[in-house]
Amino acid sequence: MDTSSADRSAGARSRLTLDEAVATTRTGDLWIFRGAAPADRAIQTLTNAPVNHVGMTVALEDLPPLMWHAELGRSLPDMWTGRHQRGVQLHDLRSAVQVWAARYGQRGWLRQISVAVTPDQEDQLLRTIARLDGTPFPSTTKLTGRWFAGRLPRRRRAAVPSGGLESAYCAEVVGLTLEEMGLLRQRHRGSNWYDPGRFWSGDRLPLAPGVEFGGEIEVVLDEDDLAAGRAAGSAS
């Protein structure tokens, strides 16, 4: 999987069309979203972050790029199970971005990873997807409690074991997956340390040696993209 500077030159640009972003993205890239709905604002306020959702690109061999994330909606079929489900999901990436823009009113940004994912890391990614796909999304109360627990001093709480998540939100899923692929250092704080703002460039991630993420590139959708997102959203 070639991530040379020629192929990753989009990182120097501040905006891409969705077509360009889908053609450019590679496994491990981050997709970050910001909305203006009350629930979005609540997450942004709670986490003191400019964003409220994060997903990760899964681009394997000749498959179309997919997005690995967690959400309440079930507008799109999960590509792992073939079902419409809530919680942790693997979606067609283009369709997911279209739905998040058209139905949820979200602006989206792409952050590109600097390294090529190895076959061993891809295998670990697939094992993580197999284990976590379909994990329920927590209620608002549980989400808030989980996030606060991730910020308590270590001696006052137990870490959430990676294999025992009963529910998960988007940042936990992405953070845990990147840890298990060896792209983030395992912090031994529990996956609930992560929130969407951790993945914005103004914050600091516990990156593994040699791993970097580029700055945010805004992804711009045209009217055809928005129409496709509205059509997919109406099916839920």
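Residues numbered from 1 in each chain as written. Predicted model: local features only at pLDDT ≥ 70, side-chain atom pairs only at ≥ 80, totals over all residues. Heavy atoms only, no water.

**Student:** Looking at this structure, how should I read helix 4 (residues 119–132)?
**Tutor:** In this model, helix 4 (14 residues) spans 20 Å end to end at C-alpha, consistent with the 20 Å of a helix rising 1.5 Å per residue. Regarding helix 4, the residues found buried are Gln121, Glu122, Gln124, Leu125, Thr128, Ile129 and Leu132. Around the axis of helix 4, the buried residues are gathered within 160° of arc, so they sit on the same side. Opposite the buried face of helix 4, by more than 90 degrees, sit the exposed residues Pro119 and Asp120. Positive phi appears at Gly134, one or two residues downstream of helix 4, with a value of about 90°. (Helix = DSSP H or I, 4+ residues; strand = E, 2+ residues; numbered from the N terminus. Expected span 1.5 Å × (residues − 1). Buried < 20%, exposed > 50% of the residue type's maximum accessible area, 1.4 Å probe, protein only. Arc of directions from axis to C-beta.)

**Student:** Is there a simple way to think about the sheet that holds strand 7 (residues 217–220) in this case?
**Tutor:** Strand pairs in the sheet, formed through backbone hydrogen bonds, run parallel or antiparallel to each other. Pairing is mixed across the open sheet formed by seven strands, whose spatial order is 1-7-6-2-3-4-5. Strands with a single pairing partner mark the edges of an open sheet, and in this sheet they are strand 1 (15–17) and strand 5 (87–92). On average, adjacent strands in this sheet sit at an angle of 30° to one another, irrespective of strand direction. Against the sheet, helix 6 (residues 170–180) makes contact with strand 2 (30–34), strand 3 (53–58), strand 4 (66–71) and strand 5, and its axis sits at roughly 40° relative to strand 3, the strand it touches most. (Pairing = 2+ DSSP bridges. Axes fitted to C-alpha atoms, helices over the stretch in contact; angles between N-to-C directions. Contact = heavy atoms within 4.5 Å.)

**Student:** It is not clear to me how the side chain of Gln124 should be interpreted in this structure. Could you clarify?
**Tutor:** Within the element layout of this structure, Gln124 appears in helix 4. Take Gln124: its relative accessible area is 19%, and that puts it in the buried class. Discounting residues that sit within four places of it in the chain, Gln124 has contacts with Glu180 and Met181.

**Student:** Looking at this model, I keep getting lost on unusual backbone geometry. Mind explaining?
**Tutor:** Among all residues save glycine, negative phi is the norm, and among peptide bonds the norm is trans. Residue Glu61 is not a glycine yet carries a positive backbone phi of 50°. By secondary structure assignment, the location of Glu61 is in the loop between strand 3 and strand 4.

**Student:** What should I look at first to understand the confidence of the model for the chain in this one?
**Tutor:** The predicted coordinates ought not to be read in detail in places where the model reports low pLDDT. Per-residue confidence for the chain gives a mean pLDDT of 82, with 73% of residues at or over 70. Residue range residues 1–7 is modelled with pLDDT below 50. Its contacts to residues more than four positions away, or to other chains, number 13 contacts. With pLDDT under 50 throughout, residues 139–148 is counted as low confidence; its partners more than four residues away or in other chains account for 18 contacts. (pLDDT = per-residue confidence, 0-100.)

**Student:** Help me understand the pattern of salt bridges, please; the structure alone is not making it clear to me.
**Tutor:** Any two side chains of opposite charge can pair if their charged atoms end up close together. According to the stated counting rule, one finds five salt bridges in the structure shown. A salt bridge links Arg15 to Glu218; the shortest N-O distance between them is 3.9 Å. Of the two residues, Arg15 sits in strand 1 while Glu218 sits in strand 7, which places them 203 residues apart along the sequence. On the basis of relative accessible area, Arg15 is assigned to the partly exposed category, the value being 48%. The residue Glu180 makes a salt bridge to Arg131 at a minimum N-O spacing of 2.9 Å. Of this pair, Glu180 sits in helix 6 while Arg131 sits in helix 4, and the two are 49 residues apart along the sequence. (Salt bridge = Lys/Arg side-chain N within 4 Å of Asp/Glu carboxyl O.)

**Student:** Whenever I open this one, the environment of Gln121 confuses me. Can you help?
**Tutor:** Here Gln121 is to be found in helix 4. Its relative accessible area of 15% is what places Gln121 among the buried residues. Remark: the alpha-carbon pair of Gln121 and Met181, spanning 60 residues in sequence, is separated by 5.0 Å. Apart from the residues lying within four places of it in its own chain, the contact partners of Gln121 are Ala116, Met181, Gly182 and Leu183. Polar contacts involving the side chain of Gln121 include one to the main-chain amide nitrogen of Thr118, which spans 2.9 Å. Looking at Gln121, its side chain comes within polar contact range of the main-chain oxygen of Met181, at 3.0 Å. (Polar contact = N/O pair within 3.5 Å; in protein donor to acceptor, adjacent residues only side chain to side chain.)

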